[in-house]
Amino acid sequence: HDAGQPLGVVLERSGEWAIVKQSKSPKLGISVGSALSSINGESCVLLSHKRTIDKLKNWKPPLNLGFRRPPKKSGFLVKLTCRKDGTYNNLKKFYFCLDDGRLVYKDDDQPSRKVRGGLPMKGSAVSLVSPSETGVLCCFRVVCGVTSLDLQGESQEDMMDWAATLY
């Protein structure tokens, strides 16, 4: 990056992390959802958000920032639909894609297909769901605000891989 030129990155707070909200620097590998991980070679991963921002406010040239890219993953999962009485009545397979900090799903893996729904991963929670609750094995739940998705992996390994990646 040229010294003296604005980086074109807007950060926002997510817990104690500084996350890229907007980026005009995709060529530099700074994408939306990336987490600020170092400032001038010093890790800021375990610092409070306030300490990280204080370091940025008091910097002196040169400024070298390190970022961790958000995870990417795609594949088929079964989406469970819960009735008001708490029973699950609909299990439908969709193609899910995690990219740029957002989980979206569509009918299949064709790029031209319209997105059917999704959740932002910022501020979301991921948990495993007991078969006694859903009536099926290998389920996990993604919750963001008042919206949640109950999903089923193809196997226990698949469920754990998705849940860990989304977490």
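Before reading on, note that the structure itself is shown above.
Residues numbered from 1 in each chain as written. Predicted model: local features only at pLDDT ≥ 70, side-chain atom pairs only at ≥ 80, totals over all residues. Heavy atoms only, no water.

Caption draft 1: How the structure looks around the pairing of strand E2 (residues 17-23). As paired elements, strand E1 (residues 9-14) and E2 share six bridges and run antiparallel to each other. Following the sheet pairing, Arg 13 is matched in E2 by Ala 18. Hairpin connection of E1 to E2: two residues between the antiparallel strands, including Gly 15 at a positive phi of 65°. (Pairing = 2+ DSSP bridges. Helix = DSSP H or I, 4+ residues; strand = E, 2+ residues; numbered from the N terminus.)

Caption draft 2: Examining unusual backbone geometry more closely. For Asn 40, which is not glycine, the phi dihedral falls at a positive 50°. Position of Asn 40 among the secondary structure elements: in the loop between strand E3 (35-39) and strand E4 (42-43). With a relative accessible area of 37%, Asn 40 lands in the partly exposed category. We note that Cys 138 has phi near 65°; this positive angle belongs to a residue other than glycine. Along the chain, Cys 138 turns up in the loop between helix H2 (131-134) and strand E11 (139-144). (Buried < 20%, exposed > 50% of the residue type's maximum accessible area, 1.4 Å probe, protein only.)

Caption draft 3: Region of interest: the pattern of salt bridges. Under the definition given, this model contains 11 salt bridges. In this structure, the salt-bridge partner of Glu 16 is Arg 13, at a minimum N-O distance of 3.0 Å. Classification of Arg 13 as partly exposed rests on a relative accessible area of 46%. Its salt-bridge partner being Lys 73, residue Asp 161 comes within 2.5 Å of it at the nearest N-O pair. One end of the pair, Asp 161, is in helix H3 (residues 156-166); the other, Lys 73, is in strand E6 (residues 73-82), and 88 residues separate them in sequence. Residue Lys 73 is classed as buried on the basis of its relative accessible area of 18%. (Salt bridge = Lys/Arg side-chain N within 4 Å of Asp/Glu carboxyl O.)

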